[in-house]
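Spelled out, the chains give:
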Amino acid sequence: MESGKQKLLSNLLKRDDSIVGIIVAEKDSAVPALACYNPSCQESLDRHRPFIASTITLLRNSNKLGLGETKRVCSIYEDKNVVNIFYKQWIIIIIGSANSSLGGMLSLEGEICNCVSDLPILADD
């Protein structure tokens, strides 16, 4: 089952060479369920823990603003763009190069959400 989901993420990466990685992790436990990286990905991006930890911090702090539930957060850095999508119990992190299109990254949301909608929860609290 997961191999098919991993293949789908890999195919999404092949569509746009400016996207260097997709990580799917559990929102509460921060346990990664799926991760797929472009072969040209920098070694530092392959360590997904910092992305997951910063995304959870983003979610907690943005929800404190009192503007309603946070569904997406887009971050632009000097060398990369990151889109964080909060879907059910999952955090979906799409990492793109500095010249990647945020709109293009966001357009993958539906396909990735369909892919992860039936993933089993890996860790119980």
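Not measured: the values here are computed from a predicted model. (Residues numbered from 1 in each chain as written. Predicted model: local features only at pLDDT ≥ 70, side-chain atom pairs only at ≥ 80, totals over all residues. Heavy atoms only, no water.)

Here we look at empty space enclosed by the protein
Move 1: In the structure shown here, the tally under the stated rule is one cavity of 30 Å³ or more.
Move 2: Taken as a whole, the largest cavity encloses approximately 40 Å³ of empty space.
Move 3: Taken together, Phe-51, Ser-54, Thr-55, Leu-58, Ser-75, Tyr-77, Val-82 and Asn-84 make up the full set of residues lining the largest cavity.
Move 4: Secondary structure elements with two or more residues in the lining of the largest cavity: helix 2 (49-63) and strand 4 (80-87).
Move 5: Ranked by residue count, the leading element in the lining of the largest cavity is helix 2, at four residues. (1 Å grid on protein atoms, 1.4 Å probe; cavity = no way out; pocket = protein on both sides within 12 Å on 5 of 7 lines; lining within 4 Å. Points joined across faces, edges and corners; volume = space filled by probe spheres on them. Helix = DSSP H or I, 4+ residues; strand = E, 2+ residues; numbered from the N terminus.)

So, the confidence of the model for the chain
Move 1: Put simply, the chain has an average pLDDT of 80, and 86% of its residues get 70 or more.
Move 2: Mean pLDDT values for the elements of the chain range from 74 in helix 2 up to 92 in helix 3 (residues 102-106). (pLDDT = per-residue confidence, 0-100.)

Things to note about the sheet that holds strand 1 (residues 19-26)
Move 1: Strand order in the open sheet formed by five strands is 2-1-5-4-3, and the pairing between neighbours is antiparallel. Either end of the sheet is taken by a strand with one partner, and the two such strands are strand 2 (32-37) and strand 3 (72-76). Here the strands of the sheet are splayed against their neighbours by 10 degrees on average, with no regard to which way each runs.
Move 2: As paired elements, strand 1 and strand 2 share five bridges and run antiparallel to each other. Its bridge partner being in strand 2, Ala-25 is matched across the sheet by Pro-32. (Pairing = 2+ DSSP bridges. Axes fitted to C-alpha atoms, helices over the stretch in contact; angles between N-to-C directions.)

A few points about the pattern of salt bridges
Think of it this way: side chains of opposite charge can pair up when their charged atoms draw near.
Move 1: Throughout the structure, instances matching the rule amount to three salt bridges.
Move 2: Across the pair Glu-109 and Arg-72 runs a salt bridge, and its minimum N-O distance is 2.7 Å. Linking Glu-109 in helix 4 (residues 109-116) with Arg-72 in strand 3, this pair joins segments that are 37 residues apart in sequence.
Move 3: For Lys-80, the salt bridge identified is with Asp-79, shortest N-O distance 3.0 Å.
Move 4: On the basis of relative accessibility, which here comes to 42%, the residue Asp-79 falls in the partly exposed class. (Salt bridge = Lys/Arg side-chain N within 4 Å of Asp/Glu carboxyl O. Buried < 20%, exposed > 50% of the residue type's maximum accessible area, 1.4 Å probe, protein only.)

Digging into the pairing of strand 3
Move 1: Burial along strand 3 is one-sided: the residues Val-73 and Ser-75 are buried and none of Arg-72, Cys-74 and Ile-76 is.
Move 2: Bridge analysis of strand 3 against strand 4 gives five bridges, and the strand direction is antiparallel. If you follow Cys-74 over to strand 4, its bridge partner there is Val-83.
Move 3: Joining the antiparallel neighbours strand 3 and strand 4 is a turn of three residues.

Brief notes about the environment of Val-73
Move 1: Within the secondary structure layout, Val-73 lies in strand 3.
Move 2: Classification of Val-73 as buried rests on a relative accessible area of 14%.
Move 3: Considering only alpha carbons, one finds Val-73 and Leu-59, 14 residues apart in sequence, at a separation of 8.3 Å.

Considering the side chain of Asn-84
Move 1: Assignment of secondary structure puts Asn-84 in strand 4.
Move 2: By relative accessible area, which is 2% here, Asn-84 ends up buried.
Move 3: Once you skip the residues sitting within four places of it in the chain, Asn-84 turns out to touch Thr-55, Leu-58, Lys-71, Arg-72, Val-73, Ser-75, Ile-92 and Ile-93. (Contact = heavy atoms within 4.5 Å.)

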